[in-house]
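Inside the fold
This is what each chain is made of:
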Amino acid sequence: MSTLKSTDPAQVGTRIAARLGTIWGREVAVRQARVLPAGASRTTYALTVGDDSGDEAVIVRAVPAAEPGSGGLTAEVDVLRAAMEAGVPVPEVLDLGDSSDGDNVLGFPYALMRFVDGESIARRILRDDAYGPIREDFARQAGGILARIHAMDTATTGLTSIGDPVAALRTLFPREYDEAPAGIVLAIDWLERNRPEPSPETVVHGDFRLGNLLITPDRISAVLDWELAHLGDPMEDLGWLCAKAWRFGAAAPVAGMGSRTDLLDAYAQVSGRRPDEATLKWWELYATVRWGLICGAQANRYLDGTERSMELAAIGRRSAEQEFDALLALGITTPQTVPDPLEDADVVARPEDPHTAPTMLDLLDSVSGFLHDEVAPDGGVSSQVKFRTRVAGNVLATVRRQLLVGERQLEASRRRLSALGVGSSAELADALRRGSLSATDDNVRSVVAAEVIDRLTVANPRHMSRPDS
């Protein structure tokens with residue numbers, strides 16, 4: 001069979017059905033084929049295939065831009081197979097096409113897997129009544145699954161170690177580490193000075209959180225997205241799952257659904273070892289720092305012109321959320337209610353002469369209203385477009401807030417920073433990195449907190465009132 005370079009779902013479906021016919025030893029036809037709206041470098045196809053005896057849903061994970069052997073799928077499939085052997089719920093791999101031989105029916109790397117039922121959208125899992133049972137049991141199930149991941153045979157995975165976790169942050173995100181804002185710098189300094197006793201290295205999933213798990217009303221049905229798997233300290237996975245960013249506004253520390261006690265008890269029941277909560281808290285702060293650096297890396301992809309994506313541009317401002325969460329963890333600030341400039345009657349917009357009405361703020365408000373009132377509620381709009389509409393609305397709100405309070409914030413920032421002998425927030429962060437300003441000086445820490453609060457007042461003031469637990 002000749003190879004195919006087309007990414008058209010119908011052609012992909014036809015070739016995959018023929019390949020399954022060879023594997024299963026019977027005639028197989030494609031019934032339905034579509035592309036799922038997810039992934040940037042990888043494409044996910046949802047296919048229904050079958051014969052007279054019935055139909056079956058399968059998933060194809062493909063890397064159309066890569067040549068066979070260079071898509072990274074062989075390593076991912078090795079990990080998936082090792083995970084299934086260890087009792088981790090993962091999709092069953094039916095076929096791997098990551099070489100240039102005749103078995104690669106698409107002409108680019110792909111992995112073919114059985115479909116697993118489940119929801120991955122966090123807001124539905126956290127809010128819909130149907131998922132009430134799993135919300136009650138999520139922490140216990142997650143603890144057991146993580147223990148099984150960490151019991152996987154490292155020799156069968158081909159994974160490599162990241163080494164020292166803090167040093168790994170600088171290796172993985174060199175530019176963002178060296179340009180990190182002051183709140184993240186304070187957190188890195190604390191992590192360096194308060195390292196817990198390391199655990200023996202295991203397989204680490206690297207991104208175990210809502211969004212990468214399939215959830216049914218009563219169970220975690222599959223662990224997905226193993227691209228970041230590596231060898232390291234198993235506590236990294238537990239800390240990542242408990243990071244405030246992955247609670248999506250809910251209060252409970254384990255993915256917004258459960259307690260650390262339930263997570264650690266379930267982990268101990270399977271692994272025979274119960275980590276202490278102080279160590280878990282260290283890794284939660286590590287996760288906050290890591291996500292803050294990832295936000296910076298994604299924003300840099302936009303700023304460098306690598307990918308002109310609105311989501312990437314928007315996420316750069318979200319690093320202020322991670323700064324604030326880091327300061328919460330360090331006890332430098334507390335949850336607080338900060339008036340939203342868009343709703344604060346005391347904030348007055350400046351006149352814009354010589355321009356005629358409507359003002360810039362009026363124009364931005366009109367576009368926000370269009371997105372919120374006309375685009376988002378449209379039943380004919382895809383979920384992906386609805387998500388991008390929400391992102392666009394958040395971007396406009398950020399710009400509107402900065403127009404309202406930006407000048408006032410700039411004046412206050414200059415006064416604060418001048419008292420410390422620096423001229424900008426970037427210089428403040430650099431002085432902390434170099435040690436010319438002390439990360440333990442209360443005056444310095446209060447200035448960092450004030451700078452972060454101002455940034456978050458513009459980016460997302462509601463984030464500051466979310467509980468920390």
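The model shown is predicted, which means the values in this text are computed figures rather than measured ones. (Residues numbered from 1 in each chain as written. Predicted model: local features only at pLDDT ≥ 70, side-chain atom pairs only at ≥ 80, totals over all residues. Heavy atoms only, no water.)

1. Some details on the overall build of the chain
- Per the secondary structure count, the chain includes 16 helices and nine strands.
- Against the 2.2 N^0.38 benchmark of 23 Å for 469 residues, the chain shows a C-alpha radius of gyration of 24 Å, consistent with a compact globule.
- Taking the principal axes of its C-alpha atoms as reference, the chain extends roughly 75 × 60 × 45 Å.
- Within the span of the chain, comprising 469 residues, buried residues form 49% of the whole.
- The contacts of the chain with a sequence gap of at least 6 include a subset with a gap of at least 24, amounting to 68%.
- Separation between the mean location of the 49 positive side-chain charges and that of the 68 negative ones in the chain comes to 2 Å. (Helix = DSSP H or I, 4+ residues; strand = E, 2+ residues; numbered from the N terminus. Rg over C-alpha atoms; globule rule 2.2 N^0.38 Å. Buried < 20%, exposed > 50% of the residue type's maximum accessible area, 1.4 Å probe, protein only. Contact = heavy atoms within 4.5 Å. Lys, Arg positive; Asp, Glu negative; His and termini not counted. Charge placed at Lys NZ, Arg CZ, Asp CG, Glu CD.)

2. Let's talk about unusual backbone geometry
- Despite not being glycine, Asp 225 has its phi angle at roughly 55°, a positive value.
- Following the sequence through the fold, Asp 225 ends up in the loop between strand E8 (220–223) and strand E9 (230–232).

3. Overview of the nonpolar core
- Among the nonpolar cores identified, the biggest contains 99 residues, and Phe 138, Trp 226, Leu 428 and Leu 432 are the most heavily contacted of them.
- Here the element with the most residues in this core is helix H10 (residues 277–303); it accounts for 12 residues.
- Setting aside chain neighbours within four positions, we find Trp 226 in contact with Glu 76, Val 79, Leu 80, Ala 83, Val 88, Val 90, Ile 149, Met 152 and His 205. (Core = buried A, V, L, I, M, F, W, Y, C linked by side-chain atoms within 4.5 Å.)

4. Let's talk about the UniProt feature "domain: DUF6285" (unreviewed entry) in the chain
- Taken from the UniProt record, the annotation "domain: DUF6285" (unreviewed entry) applies to residues 381–462.
- Across residues 381–462 one finds 80% helix and 0% strand; the C-alpha atoms that close the span lie 27 Å apart. (UniProt positions renumbered as here; feature names shortened; annotations may be inferred.)

5. A look at the packing of aromatic side chains
- One pass over the structure, following the stated rule, counts six aromatic pairs.
- Judged by centre distance (4.9 Å) and plane angle (75°), the rings of Trp 282 and Trp 283 are edge-to-face.
- Trp 283 gets classed as buried once you look at its relative accessible area, which sits at 3%.
- Ring centres of Trp 283 and Tyr 286 lie 5.0 Å apart, and the angle between their planes is 65°; this geometry places the pair in the edge-to-face category. Taken together, the positions of Trp 283 and Tyr 286, both in helix H10 and three residues apart, correspond to about one turn of that helix. (Phe/Tyr/Trp six-rings, centres within 6.5 Å; stacked < 30°, edge-to-face > 60°.)

6. A short note on the side chain of Arg 247
- Here Arg 247 shows up in the loop between helix H8 (235–242) and helix H9 (260–271).
- Given a relative accessible area of 2%, Arg 247 falls into the buried group.
- Setting aside chain neighbours within four positions, we find Arg 247 in contact with Leu 126, Cys 242, Ala 252, Pro 253, Ala 255, Gly 256, Arg 260, Glu 284, Pro 467, Asp 468 and Ser 469.

7. Thoughts on the side chain of Asp 51
- Relative to the helices and strands, Asp 51 resides in strand E2 (residues 43–51).
- Judged by relative accessible area, Asp 51 falls into the buried class, the value being 16%.
- Engagement of the side chain of Asp 51 in a polar contact is seen with the side chain of Arg 26, the distance being 2.6 Å. (Polar contact = N/O pair within 3.5 Å; in protein donor to acceptor, adjacent residues only side chain to side chain.)

8. Description of the environment of Ala 297
- Within the fold, Ala 297 resides in helix H10.
- C-alpha of Ala 297 to C-alpha of Met 310: the two residues are 13 residues apart in sequence and 14 Å apart in space.
- Once you skip the residues sitting within four places of it in the chain, Ala 297 turns out to touch Phe 173 and Glu 176.

9. Some details on the sheet that holds strand E5 (residues 110–114)
- Read from one edge of the open sheet, five strands run E1-E2-E3-E5-E4, paired in antiparallel fashion. For this open sheet the edge positions go to strand E1 (29–35) and strand E4 (93–97), each flanked by a neighbour on one side alone. Between one strand and the next, the sheet's axes are offset by a mean angle of 20°, whatever the strand orientation.
- Contacting E1, E2, strand E3 (54–62), E4 and E5, helix H1 (residues 9–24) runs over the sheet at an angle of about 135° to E1.
- Sitting on the sheet, helix H2 (residues 73–85) touches E3, E4 and E5, and the angle it makes with E4 is about 160°. (Pairing = 2+ DSSP bridges. Axes fitted to C-alpha atoms, helices over the stretch in contact; angles between N-to-C directions.)

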